[in-house]
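These are the residues of each chain, in order.
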Amino acid sequence: MAKNIYRGDVVFSADAEHLHITEGGYLVVEDGFIIGLFTKLPEEYAGLPVTDYGRGLIIPAFSDLHIHASQYVQRGIGMDKLLFDWLSDYTFPQEARFASMEYAKPVYDAVVKDLIRHGTFHASLFTTIHYDASAYLFQALEGAGLSAYVGKVNMDCNSPEFLCEDTDDSLRETERFLAEHQGGKTVRPILTPRFAPTCSERLIKGLGKLAQRYHCGIQTHLCESLAEVDSTLKLFPGYRADAEIYQKAGLLDYGPSIFAHFIFPSALDLEILHSNRSMTVHCPDATTNITAGIMPVGAFHDQGLPISLGSDVAGGQSVAVYRQVARSVQMSKLKAFYEPECNHAITFPQAFYMATKAGGSCFDRVGSLEKGFRFDALVLDHLEDAGIPLTPAERLERFCYAGDDRNITARYLGGRELAFD
Ligand code: GUN
Ligand code: FE
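Being a predicted model, the structure only gives us computed values, none of them experimental.

### Some thoughts on the overall build of the protein chain
Here's step 1: Looking only at helices and strands, the protein chain has 13 helices and 17 strands in total.
Here's step 2: A globule of 421 residues ought to have a C-alpha radius of gyration of about 22 Å, and the protein chain, at 21 Å, matches this closely.
Here's step 3: Principal-axis analysis of the C-alpha atoms places the extent of the protein chain at approximately 65 × 50 × 40 Å.
Here's step 4: Burial statistics for the protein chain: of 421 residues in total, 59% are counted as buried.
Here's step 5: Within the protein chain, residue pairs in contact and separated by at least 24 positions form 76% of the contacts whose partners lie at least 6 positions apart.
Here's step 6: On the protein chain, the mean spot of the 37 positive side-chain charges and the mean spot of the 54 negative ones are 3 Å from each other.

Put into structure tokens, the structure is as follows:
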């Protein structure tokens, strides 16, 4: 691939606290990777064509670390329920339909398209218990070139009969899923016990053996609501904390461990996640909709806990992770308002970091526009009112609060521009 040069207002996260902003910067990309960012184009590149986006913002593409692809068609429905009723009344019957490939294919095709539409090029996705539909989503993401983890869901108890696996079948199908998806270029399989209340101890231990055999990571829901924590500790009486169930099974030893929600952790949960460098996923829309609670994200930032963002479709109503950037600031302010003694609001740069560089750290060299990162990028435009100029940081913040996919005027994946209508 030849060198390509892009000019615009380049914004990415310097670190967890600060934006790095280059107005009128030149990004030089070779073979899909960034080889430099300059305020003035060096002599050696003179004469090469420059794609000039003017006042367009060039930012890294987003990462969504928690999304249920199988719940896509359920967005915005049943949102007046609490978690357990929402699962049994809406989600479980809906997920059961993925036994049919006729049903699954168009849904999963639509998910891939919507991820690209909203600039999410890296994602960790739950499917359902069904092997064939899960394999289809894996191939669809791989075909589109997106970076992803895909997990066939495991659940073998406390679930309706139509969505409850036999433990041995669940382990056998999961091993088949891992074995047959080792060769993905950008997509990898990940172990996905739904959450502790719907998994037996034997199943979790069996998954731990698979993690050891295939050096595979895990994603699940952890410390999601008070009801979930309570029921987990009753169902697993030999354990002192939700995270200990997975740790003792050997599920945190390899590959990323990605834990959605993490709202009510005990000291031991926190210790286990810290020592395993696990990634937590804050999903503010979802935990509002199903009234799980609000992650103490300001306090966690201070402790250096890795935190990313997730849409948690369909607990969350939209694939647009940039909106979760705004929501995470909003919810942190509410949390600090009601519980000021142990919480504080986060800043916009902290929130943007979670959706880009932090989430991107679970994948290969994505989430930033620094030298060495893959050019997975978005161009944002039309974020100013006529005659009232905004700074790049202001335009980015406006996009996350009030913009939408119409503001994404170009998309680059591995240095290749995606045509998108
Ligand atoms: N906990 C267990 N299953 C689910 C799910 O599908 N969505 C959410 N948000 N939480 C869960
Ligand atoms: Fe979820």
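### Some thoughts on the site of ligand 1
Here's step 1: Every residue close to ligand 1 is listed here: His68, Gln71, Leu83, Trp86, Leu87, Arg194, Phe195, His221, Glu224, His261, Ile290 and Asp312.
Here's step 2: For ligand 1, an oxygen atom lies 2.8 Å from a polar atom in the side chain of Gln71.
Here's step 3: Glu224 is positioned such that a nitrogen or oxygen atom in its side chain is 2.7 Å from a nitrogen atom of ligand 1.
Here's step 4: In terms of residue count, helix 1 (residues 83-96) provides more of the shell around ligand 1 than any other element does, 3 residues in total.
Here's step 5: A class-by-class count of the residues in the shell around ligand 1 yields 5 nonpolar, 4 polar and 3 charged.

### Remarks on the coordination of the iron ion (ligand 2)
Angles at a metal have ideal values that depend on geometry: 109.5 degrees with four tetrahedral donors, 90 or 180 degrees with six octahedral donors.
Here's step 1: Each protein donor to the iron ion (ligand 2) is listed here as His66 (NE2), His68 (NE2), His221 (NE2) and Asp312 (OD); together their distances run 2.1 to 2.3 Å.
Here's step 2: Coordination at the iron ion (ligand 2) comes from 4 donor atoms whose angles at the metal span 88 to 177°, giving a geometry best classed as irregular.
Here's step 3: One chain supplies every donor to the iron ion (ligand 2), and in sequence these donors are spaced H-x1-H-x152-H-x90-D. Taken as a pair, His66 in strand 5 (residues 62-68) and Asp312 in the loop between strand 14 (307-309) and helix 11 (321-338) lie far apart in primary sequence, 246 residues in all. Comparing His66 with Asp312 shows no difference in burial state: the two are buried.

### Observations regarding the packing of helix 11 against helix 12 (residues 348-360)
Here's step 1: Where helix 11 contacts helix 12, the two axes come as close as 9 Å, and the packing angle between them is 145°. The two elements helix 11 and helix 12 meet at a crossing, and its hand is right-handed. When helix 11 is examined against helix 12, the residues Val321, Val325, Ser328 and Val329 are found in contact with a partner set consisting of Phe348, Ala351, Phe352, Met354 and Ala355.

### Concerning the sheet that holds strand 2 (residues 19-30)
Here's step 1: Ordered in space as 3-2-1-4-15-16-17, the 7 strands form an open sheet in which the pairing is mixed. Each end of this open sheet is capped by a strand with a single partner; those strands are strand 3 (33-38) and strand 17 (416-417).
Here's step 2: In the sheet, strand 1 (residues 3-13) pairs with strand 2 via 10 bridges, with the strands oriented antiparallel. Looking across to strand 2, one finds that Asn4 is bridged to Val29.

### With respect to the packing of aromatic side chains
Here's step 1: Using the criterion set out here, one finds 18 aromatic pairs in the structure.
Here's step 2: Centroid distance Tyr6 to Phe375: 4.9 Å. Interplanar angle 20°. Geometry classified as stacked. Of this pair, Tyr6 sits in strand 1 while Phe375 sits in the loop between helix 12 and strand 15 (377-380), placing them 369 residues apart in sequence.
Here's step 3: The exposure class of Phe375 is buried, given its relative accessible area of 0%.
Here's step 4: Their ring planes at 85° and their centres at 6.2 Å tell us that Phe62 and Phe352 sit as a pair that is edge-to-face. Of this pair, Phe62 sits in strand 5 while Phe352 sits in helix 12; the two residues are 290 residues apart in sequence, bridging distant segments of the chain.
Here's step 5: Relative accessible area serves as the criterion here: at 0%, Phe62 is assigned to the buried category.
Here's step 6: Members of the aromatic cluster, connected to one another through ring pairs, are Phe62, Tyr322, Phe348, Phe352 and Phe399.
Here's step 7: Arg75 extends its terminal NZ or CZ atom over the ring of Tyr72, reaching a point 4.0 Å from the ring centre.
Here's step 8: Sitting over the face of the ring of Tyr131, Arg176 holds its NZ or CZ atom 3.6 Å from the ring centroid.

### As for the pairing of strand 16 (residues 408-413)
Here's step 1: Within strand 16, 5 of the 6 residues are buried, leaving the element largely enclosed by the surrounding structure.
Here's step 2: The pairing of strand 15 with strand 16 spans 4 bridges and is classified as antiparallel. Paired with Leu378 across the bridge in strand 16 is Arg411.
Here's step 3: Pairing of strand 16 with strand 17 involves 2 bridges; the strand directions are antiparallel. Paired with Leu413 across the bridge in strand 17 is Arg416.

Conventions and cut-offs
In every chain, residue numbers begin from 1 and rise along the written sequence. All chains are assigned letters beginning with A, and all ligands numbers beginning with 1, in the order in which they are written. Note on the predicted model: pLDDT of at least 70 is required for a residue's local features to be given, and 80 or more for side-chain atom pairs to be given and counted; whole-chain, interface and lining totals, by contrast, use all residues. Only hydrogens and water are set aside when side-chain values are computed; all heavy atoms of the structure are taken into account. Secondary structure follows DSSP: runs of H or I at least 4 residues long count as helices, runs of E at least 2 residues long count as strands, and numbering of each begins at the N terminus. With the radius of gyration taken over C-alpha atoms, the globule rule is written as 2.2 Å times the number of residues to the power 0.38. Buried residues are those whose accessible area, probed at 1.4 Å on protein chains only, stays under 20% of the maximum for their type, while exposed residues exceed 50% and partly exposed ones sit between those limits. Contacts are residue-level and defined by heavy atoms, with any inter-residue pair within 4.5 Å sufficient. Neither His nor the chain ends contribute to the count of charged residues, in which Lys and Arg are positive and Asp and Glu negative. For charged residues, the charge sits on one atom: NZ in Lys, CZ in Arg, CG in Asp, CD in Glu. Whether a residue is near a molecule or strand is decided by its heavy atoms; if any one of them lies within 4 Å of it, the residue is near. Residues adjacent in sequence count toward polar contacts only when both atoms are side-chain atoms; beyond that, a polar contact is any pair of N or O atoms within 3.5 Å, and within protein one must be able to donate a hydrogen and the other to accept it. For this scheme, ten residues count as nonpolar: Ala, Val, Leu, Ile, Met, Phe, Trp, Tyr, Cys and Pro. Four count as charged, namely Asp, Glu, Lys and Arg, and the remainder, Gly too, count as polar. Metal sites are built from N, O and S donor atoms within 2.8 Å, or 3.2 Å for Na, K and Ca, and they leave out water, so they may look incomplete. Geometry is assigned from donor-metal-donor angles: four donors are tetrahedral when every angle falls between 85 and 135 degrees, four are square planar and six octahedral when opposite donors sit over 155 degrees apart with all other angles between 65 and 115, and any other arrangement is irregular. The axes used here are C-alpha line fits, helices contributing only the stretch in contact, and every angle between their N-to-C directions lies in the interval 0 to 180 degrees. Left-handed is the label given to a crossing in which the near helix is rotated counterclockwise from the far helix by less than a right angle, and right-handed is the label when the rotation is clockwise. Think of it this way: DSSP has to see at least two bridges between two strands before they count as a pair. Any Phe, Tyr or Trp ring, taking Trp's six-membered ring, that has another such ring centre within 6.5 Å forms a pair; planes under 30 degrees apart are called stacked, those over 60 apart edge-to-face, and the others tilted. Note on geometry: a ring has a charge over it if NZ (lysine) or CZ (arginine) is within 6 Å of the ring centre and within 35 degrees of the ring normal.

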